[in-house]
Amino acid sequence: VEVLRSRYTALRTDPSKAGAEEAVDVLSCLYHLPCDEATKLAADLLAVETDEYLRGRLQRVLDRGR
């Protein structure tokens, strides 16, 4: 989970580091991790993310965890 946090933060800080789809790929990986840490990271990122599409992907991670 920490690797995903680090990569997502890097991508959102400097989107030129990779294609826009890589942030979605990171969130897709997060979705498939059935653990409390993944849900916590999704909640943390949702609190600061402004892109509506990425917010929707984060919400899917949270909904999966319920």
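Since we're looking at a predicted model, the values are computed, not measured. (Residues numbered from 1 in each chain as written. Predicted model: local features only at pLDDT ≥ 70, side-chain atom pairs only at ≥ 80, totals over all residues. Heavy atoms only, no water.)

1. Some points on the packing of aromatic side chains
Logical step 1: Tallied over the full model, the rule gives zero aromatic pairs.
Logical step 2: The aromatic ring of Tyr31 is capped on one face by Arg60, whose charged end is 5.1 Å from the ring centroid.
Logical step 3: The cationic tip of Arg64 hangs over the ring face of Tyr31; the distance from NZ or CZ to the ring centre is 5.7 Å. (Phe/Tyr/Trp six-rings, centres within 6.5 Å; stacked < 30°, edge-to-face > 60°. Lys NZ or Arg CZ within 6 Å of the ring centre and 35° of its normal.)

2. What about the confidence of the model for the protein chain?
Should pLDDT be low for a region, the predicted coordinates there are not to be read in detail.
Logical step 1: In this model, the protein chain carries a mean pLDDT of 91, and residues with pLDDT of at least 70 account for 92%.
Logical step 2: When the elements of the protein chain are averaged for pLDDT, helix H1 (residues 2-13) gives the smallest value, 93, and helix H3 (residues 36-46) the largest, 96. (pLDDT = per-residue confidence, 0-100. Helix = DSSP H or I, 4+ residues; strand = E, 2+ residues; numbered from the N terminus.)

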